[in-house]
Amino acid sequence: ALINYALAMTLGRKFIHAFAETRLSHLLLITRESVEKAEQFFLRHGALSTFVGRLIPAIRQLISLPAGLARMHLTTFLLFTTLGALLWNIILALLGYYLYSQKELLDRYFHQLSIVGIALGVLLIAYLIIKSRRKNTTPQN
């Protein structure tokens, strides 16, 4: 979070948008559109968006960029980032605790759950391939 914040603050919007167009950023799931969406989210919701952004998987790795671009005070950024990350980790820990308490049930249905997980993975990969092909065949202006 601090690296993204510092990069955005020091290098600025032009660099961040240029980086979002590179192959490396796409491997990191960062696109110009996602950066712009995160920035709009930040502008609409202000400093609180740093906290809320830590709870939203698609935004959590990007919310530091608009905070840096807006030159949010570092102390405020660290406070909201820490609180958001803390809450996210508590949610994950409670989910893990609950699932572990259901161990017998999970063991009984492990085979079926594995098949569902694999099917969802295959569907996700197929979706990403189709989306990528459609994007590559769209005529450029």
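Within each chain, residues carry numbers counting from 1 in the order of the written sequence. Per-residue local features of the predicted model are confined to residues with pLDDT of at least 70, and side-chain atom pairs are confined, for both listing and counting, to 80 or more; whole-chain, interface and lining totals are unaffected and use all residues. Side-chain figures throughout are based on the complete set of non-hydrogen atoms in the structure, without hydrogens or water.

## A word on the overall build of the chain
Counting its regular elements, the chain contains nine helices and zero strands. A run of H or I in DSSP counts as a helix once it spans at least four residues, and a run of E counts as a strand once it spans at least two, with each numbered from the N terminus. Moving toward the C terminus, one meets the helices and strands of the chain in the order α-α-α-α-α-α-α-α-α. Each radius of gyration is computed over the set of C-alpha atoms, and the globule rule expresses the reference value as 2.2 Å times the number of residues to the power 0.38. The C-alpha atoms of the chain give a radius of gyration of 19 Å, which is well past the 14 Å a tight globule of 141 residues would have. C-alpha extents for the chain along the principal axes are approximately 55 × 45 × 25 Å. Exposure categories follow from relative accessible area, calculated using a 1.4 Å probe and restricted to protein chains: below 20% of the type maximum is buried, above 50% is exposed, and the middle band is partly exposed. Out of the 141 residues in the chain, the part that is buried amounts to 23%. Considering only residue pairs separated by 6 or more positions, the chain has 62% of its internal contacts joining residues 24 or more positions apart. Accessible surface, the chain: about 10,400 Å² in total, of which carbon and sulfur atoms supply 69%. When charges are counted, neither His nor the chain ends are considered; positive counts come from Lys and Arg and negative counts from Asp and Glu. Lysine's charge is taken at NZ, arginine's at CZ, aspartate's at CG and glutamate's at CD. Positive and negative side-chain charges in the chain, numbering 15 and 6 respectively, have mean positions lying 5 Å apart. Contact criterion: two residues are considered in contact whenever any of their non-hydrogen atoms come within 4.5 Å of each other. A 1.4 Å probe and the Shrake-Rupley method give the accessible areas. Residues count as covered only by the protein chains that appear here.

## Some remarks on the environment of R13
Checked against the element boundaries, R13 lands in helix α1 (residues 2-19). Residue R13 is classed as partly exposed on the basis of its relative accessible area of 41%. Residues in contact with R13, not counting those within four places in the same chain, are E39 and L69.

## Side note on the nonpolar core
We call a set of buried residues a nonpolar core when its members are Ala, Val, Leu, Ile, Met, Phe, Trp, Tyr or Cys and they connect through side-chain atoms within 4.5 Å of each other. If you look at the biggest cluster of nonpolar residues, it comprises nine residues: A8, I16, A20, I30, V35, A38, L62, L65 and L69. Of all elements in the fold, only α1, α3 (32-45) and α6 (64-69) reach the threshold of two or more residues within this core. Ranked by size, the runner-up nonpolar core spans eight residues in total, among them Y5, I63, A67 and M72.

## Thoughts on a nonpolar patch on the surface
A residue counts toward a patch only above 30% relative accessible area and without a salt bridge, and it is joined to like-charged neighbours within 9 Å or, for Val, Leu, Ile, Met, Phe, Trp and Tyr, to nonpolar neighbours within 5 Å. Salt bridges are defined by distance alone: a side-chain nitrogen of Lys or Arg within 4 Å of a carboxyl oxygen of Asp or Glu. Together, L92, L95, Y98, L99, L105, L106, Y109 and L113 line one region of the surface with nonpolar side chains, adding up to about 710 Å² of accessible area. Elements with a contribution of two residues or more to the nonpolar patch: α7 (74-101) and α8 (103-108). Here the nonpolar patch gets four residues from one element, more than from any other, and that element is α7. Exposure remark for L92: the relative accessible area of 40% places this residue in the partly exposed category.

## Focus on α3
For a helix, the expected span equals 1.5 Å multiplied by the residue count minus one. Helix length check: α3 (14 residues) gives 20 Å between terminal C-alpha atoms against 20 Å at 1.5 Å per residue, within 8%. Those residues of α3 not exposed but buried are S34, V35, A38, E39, F41 and F42. Angularly, the buried residues of α3 cover 160° about the axis, an arc narrow enough to put them on a single face. Exposed residues lying more than 90 degrees from the buried face of α3 are K37, L43 and R44. Packed against the buried residues of α3 are α1, α4 (48-53), α5 (57-60) and α6. Here the arc refers to the directions that run from the helix axis out to each C-beta atom.

## Some thoughts on the packing of α1 against α3
Convention adopted: a line fitted to C-alpha atoms gives each axis, helices being fitted over their contacting stretch, and angles between N-to-C directions are expressed from 0 to 180 degrees. Contact pair α1 / α3: the axes reach a minimum separation of 8 Å and the direction vectors enclose 140°. As for the relative orientation of α1 and α3, their crossing is right-handed in sense. For the pair formed by α1 and α3, the contact residues are R13, I16 and H17 on the first element and R32, V35, E36 and E39 on the second. Grouping the amino acids of the contact of α1 with α3 by side-chain chemistry returns two nonpolar, one polar and four charged. It is the rotation of the near helix from the far one that decides the hand of a crossing: anticlockwise by less than a right angle makes it left-handed, clockwise makes it right-handed. For this classification, Asp, Glu, Lys and Arg are treated as charged, while Ala, Val, Leu, Ile, Met, Phe, Trp, Tyr, Cys and Pro are nonpolar and the rest, including Gly, are polar.

## Observations regarding the pattern of salt bridges
Throughout the structure, instances matching the rule amount to three salt bridges. A salt bridge links R13 to E39; the shortest N-O distance between them is 2.3 Å. Linking R13 in helix α1 with E39 in helix α3, this pair joins segments that are 26 residues apart in sequence. You can call E39 buried: its relative accessible area is 8%. Ionic pairing is found between R32 and E36, a salt bridge with its closest N-O pair at 3.1 Å.

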